[in-house]
Amino acid sequence: MPTPVVNQQGYVALIEAVVRDKMRSFGPLAVRKLHGIVGLRLDDGGTILELGRDPVEVLHEVVVCFEKLAGKASVVFAKKAIQPVLAKYPGLTLPVELR
């Protein structure tokens, strides 16, 4: 059962923005790399089907996974990818990598 979170939609949008950004570079591999993250289930297009624990922790794990795959530049691109989401949902808590 998903963790009840204030502004769950905002966190879903943040995670999906990062995933879709990486899908432009890595295609389906981006989604496959995230299959081991507990509490996160995605469809093949990068849409979240289930977010079952603290979304800030999940986002942290997503960013770390992509950083291992593509290096520090991956974090820079993730920061850019989430800007429209942050404008729509101000005040979301971010993992340290995205601050």
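Above this note sits the structure.
Residues numbered from 1 in each chain as written. Predicted model: local features only at pLDDT ≥ 70, side-chain atom pairs only at ≥ 80, totals over all residues. Heavy atoms only, no water.

A. Structural view of the side chain of Glu-67. Mapped onto the elements of the fold, Glu-67 is located in helix α3 (residues 55-70). Beyond its immediate chain neighbours, meaning those up to four positions away, Glu-67 contacts Lys-72, Ser-74 and Val-75. (Helix = DSSP H or I, 4+ residues; strand = E, 2+ residues; numbered from the N terminus. Contact = heavy atoms within 4.5 Å.)

B. Region of interest: the pattern of salt bridges. According to the stated counting rule, one finds seven salt bridges in the structure shown. A salt bridge links Asp-21 to Lys-22; its shortest N-O distance comes to 2.7 Å. With relative accessibility at 12%, the residue Asp-21 sits in the buried group. With a relative accessible area of 3%, Lys-22 lands in the buried category. Its salt-bridge partner being Glu-57, residue Arg-53 comes within 3.0 Å of it at the nearest N-O pair. Glu-57 sits in the partly exposed class, given a relative accessible area of 42%. In this structure, a network of salt bridges that share partners links the residues Asp-21, Lys-22 and Arg-24. (Salt bridge = Lys/Arg side-chain N within 4 Å of Asp/Glu carboxyl O. Buried < 20%, exposed > 50% of the residue type's maximum accessible area, 1.4 Å probe, protein only.)

C. Molecular detail of the environment of Thr-47. By the secondary structure assignment, Thr-47 is in the loop between β1 (40-42) and β2 (48-51). If we ignore the near neighbours within four places in the chain, the residues touching Thr-47 are Glu-16, Arg-20, Arg-41 and Leu-42.

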